[in-house]
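# Topology and contacts: notes
Below, each chain spelled out in residue letters.
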Amino acid sequence: MITRHLIGLLLGTEDDWPTAFTEILARLGPVPGPDGGTHAFDTERITIEPFSLRDRPRYNLVIDRLAYWYYHPREWLKKVSMMDGVYLLNSPFTFQSMEKHAAYCAMMRLGLKVPETVLVPYKNPVDNSRYAYTSARYNKSFDLDAIAEKIGYPMFMKPYDGGAWRGVSRINTPAELHAAYDASGEMLMHLQKAIDYDVFARSLSIGAETMVMRFQPEEPMHSRYAVDHAFLSPQTGTEVVTIGRLVNAFFRWEFNSCETLISGDQVYPIDYANACPDVALTSLHYYFPWAMKALVKWSVFALVTERRPRLDLETDRFFQVADDPGMSYEDKLAVYRDLADAYFDSARYYDYWSGLQARLDEVVLDWIAGPDFDQLLVRTVKSVYPEHEHDRFIAHLRGLMDLWVREETTRLGTTTP
Ligand SMILES: Nc1ncnc2c1ncn2[C@@H]1O[C@H](COP(=O)(O)OP(=O)(O)O)[C@@H](O)[C@H]1O
Ligand SMILES: [Mg+2]
């Protein structure tokens with residue numbers, strides 16, 4: 001018997017990864033499930049119309065890249081998750097409520113090395129006629145310089161809810177501090193001790209899998225991810241992976257990126273509430289095939305195993321570990337890793353895919369090395385960059401994808417396609 005599953009894609013303007021995802025799923029074809037039956041998958045781009053709260057959705061699983069910015073789709077996601085058991089890769093509830101600030105608090109409580117951070121009140125009164133009157137009762141005047149002295153320069157000032165570098169500034173002196181605070185207006189800001197780091201690691205997690213990439217934030221978008229396979233010691237690499245998985249298991253985020261700064265052998269997480277991160281071909285390039293495979297694998301696994309969305313956080317299971325005075329930081333990380341593996345059902349995931357991985361690898365290599373993918377690459381570059389840059393970026397991207405094809409061919413031990 002064949003069970004058909006419909007995967008909905010809730011998208012912005014992007015066309016690149018949805019095409020890749022759909023294509024890979026189609027080429028993979030029906031797969032066996034643990035139930036002994038056969039499972040087939042269709043994908044569809046979702047459009048949101050006015051909806052009754054009792055409407056039944058047609059989708060079994062939805063991948064969303066829109067809800068952070070737009071409220072109508074966000075509320076639809078909450079409805080289908082809460083009422084209809086549609087499987088979502090990220091909990092829309094924690095995604096909305098746990099902005100960067102709450103995520104810092106949670107990870108500090110769990111003992112992670114989040115740099116010293118202070119939340120300061122709004123510089124300008126918010127647009128609410130009662131604000132001045134009310135805040136006069138609870139907002140005491142404070143000495144910004146004294147707070148900064150305690151944190152120590154340099155530091156960063158950044159919005160409590162984060163996202164896309166909006167309003168982020170590095171502050172070296174009291175004069176810069178006052179200028180940045182004056183400019184913050186009605187944005188609520190953190191002051192955070194700057195970490196003088198050796199490397200910046202950005203880990204992208206999709207379900208049970210994580211890719212840790214060397215990130216170069218000062219570079220333009222297309223060269224922010226460096227292709228570098230050994231930029232962390234094995235121990236630091238494991239710590240970075242564990243932190244990403246812990247964050248995701250804690251908040252029920254299964255498609256998220258986590259930013260950590262590494263100085264010597266110390267790992268400092270600074271930004272990890274980035275659910276539904278950018279997976280564009282033009283930014284991920286070499287890592288794009290990995291991301292697409294992971295997205296396919298996790299979606300298929302969730303569907304064939306009838307994985308249930310978990311809306312409750314069960315934070316105590318983590319806090320009990322955090323609060324144990326007999327455990328070191330390393331001990332706690334090891335238990336967090338086990339809790340995360342249990343949440344992601346990692347052993348079962350790898351077991352399920354062990355029988356199908358070779359087929360998926362072959363399908364993806366064959367597609368990426370072929371003409372259809374090249375057309376997608378060209379089309380994507382043309383839609384992202386101005387005309388005078390097309391040739392340069394097509395060549396750049398082709399070079400990186402050729403590198404991936406060569407390495408993957410060697411890894412799989414096949415002859416060059
Ligand atoms: N504590 C810090 N130490 C060093 N660099 C930082 C720190 N906080 C932020 N940055 C720099 O600022 C960038 C943006 O900050 P981030 O917290 O990631 O904000 P956003 O949520 O907008 O991505 C980071 O990618 C990093 O380059
Ligand atoms: Mg960031």
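Right above here is the structure, for reference.
A brief look at the structure comes next.

This part covers the overall build of the protein chain. For the protein chain, the count of helices and strands is 16 helices and 14 strands. Dimensions of the protein chain, computed from C-alpha atoms along their principal axes, come out at roughly 70 × 50 × 50 Å. Pairs at least 24 residues apart make up 73% of the contacts formed inside the protein chain by residues separated by at least 6 positions. As displayed, the protein chain has an accessible area near 19700 Å², and 52% of this comes from carbon and sulfur atoms. In the protein chain, 43 positive and 57 negative side-chain charges are present, and the distance between their average locations comes to 4 Å.

So, on to the coordination of the magnesium ion (ligand 2). Listed as protein donors to the magnesium ion (ligand 2) are E259 (OE), E259 (OE) and D271 (OD); their distances from the metal cover 2.1 to 2.7 Å. A residue pair is termed long-range when its members are at least 10 positions apart, and E259 in strand 13 (residues 255-263) and D271 in strand 14 (residues 266-275) qualify at twelve residues.

Around ligand 1 lies a shell of 18 residues, among which K100, K158, G163, W165 and E259 are the nearest. Between ligand 1 and the protein, one listed contact pairs a nitrogen atom with a backbone N or O atom of K193 at 2.9 Å. In the complex, 96% of the free accessible area of ligand 1, which totals 540 Å², lies under the protein chains. Elements supplying a minimum of two residues to the shell around ligand 1: strand 7 (155-159), strand 9 (189-193), strand 13 and strand 14.

Let's shift gears to the environment of V296. Looking at the element boundaries, V296 is found in helix 10 (residues 288-304). By relative accessible area, which is 1% here, V296 ends up buried. Spatially, the C-alpha atom of V296 lies 9.6 Å from that of L28, the residues being 268 residues apart in sequence. V296 has contacts with F21, I24, L25, L28, W353 and L360, leaving out every residue within four places of it along the chain.

Okay, the pattern of salt bridges next. Counted under the stated rule, the structure contains 28 salt bridges. Two residues, D84 and R56, come together in a salt bridge whose shortest N-O distance is 3.2 Å. Taken together, the residues span a long stretch of sequence, with D84 in helix 2 (residues 71-84) and R56 in the loop between strand 3 (38-45) and strand 4 (61-64) at a distance of 28 residues. Salt-bridge contacts for D84 lead to K79; the nearest nitrogen and oxygen are separated by 2.9 Å.

Attention shifts here to the sheet that holds strand 11 (residues 209-215). Reading across from one edge, 12-11-10-13-14 is the order of the five strands in this open sheet, with antiparallel pairing throughout. The two strands at the open ends of the sheet, each matched to only one other strand, are strand 12 (225-226) and strand 14. Note: strand 11 against strand 12, two bridges, orientation antiparallel. If you follow R214 over to strand 12, its bridge partner there is A226. Helix-sheet contacts for helix 10 involve strand 10 (199-206), strand 11 and strand 13, and the interaxial angle to strand 10 is about 35 degrees.

Taking strand neighbours across the sheet as the criterion, the four strands line up as 6-9-7-8 in an open arrangement whose pairing is antiparallel. Across the chains shown, the open sheet's two edge strands, defined by having one partner strand only, are strand 6 (117-120) and strand 8 (169-171). Each strand axis lies, on average, 25 degrees off the axis of its neighbour in the sheet, ignoring direction. Where helix 6 (residues 144-151) meets the sheet, its contacts fall on strand 6, strand 7 and strand 9, and the angle it forms with strand 9 comes to roughly 35 degrees.

Turning our attention to the nonpolar core. Grouped together as the largest cluster of nonpolar side chains are 105 residues, with contacts concentrated most on W17, F21, I63, M107 and M292. Among the elements that line this core, the one with the most residues is helix 10, at 13 residues. Beyond its immediate stretch of four places on either side in the chain, M292 contacts W17, A20, F21, I24 and V279. Core analysis: the second largest hydrophobic core is formed by 13 residues, F51, V62, L66 and A67 among them.

Parameters at a glance
- Residues numbered from 1 in each chain as written.
- Chains lettered and ligands numbered in written order.
- Predicted model: local features only at pLDDT ≥ 70, side-chain atom pairs only at ≥ 80, totals over all residues.
- Heavy atoms only, no water.
- Helix = DSSP H or I, 4+ residues; strand = E, 2+ residues; numbered from the N terminus.
- Contact = heavy atoms within 4.5 Å.
- Areas by Shrake-Rupley, 256 points an atom, 1.4 Å probe, with all protein chains shown as cover.
- Lys, Arg positive; Asp, Glu negative; His and termini not counted.
- Charge placed at Lys NZ, Arg CZ, Asp CG, Glu CD.
- Donors = N, O, S within 2.8 Å, 3.2 Å for Na, K, Ca; no water.
- Near = heavy atom within 4 Å.
- Polar contact = N/O pair within 3.5 Å; in protein donor to acceptor, adjacent residues only side chain to side chain.
- Buried < 20%, exposed > 50% of the residue type's maximum accessible area, 1.4 Å probe, protein only.
- Salt bridge = Lys/Arg side-chain N within 4 Å of Asp/Glu carboxyl O.
- Pairing = 2+ DSSP bridges.
- Axes fitted to C-alpha atoms, helices over the stretch in contact; angles between N-to-C directions.
- Core = buried A, V, L, I, M, F, W, Y, C linked by side-chain atoms within 4.5 Å.

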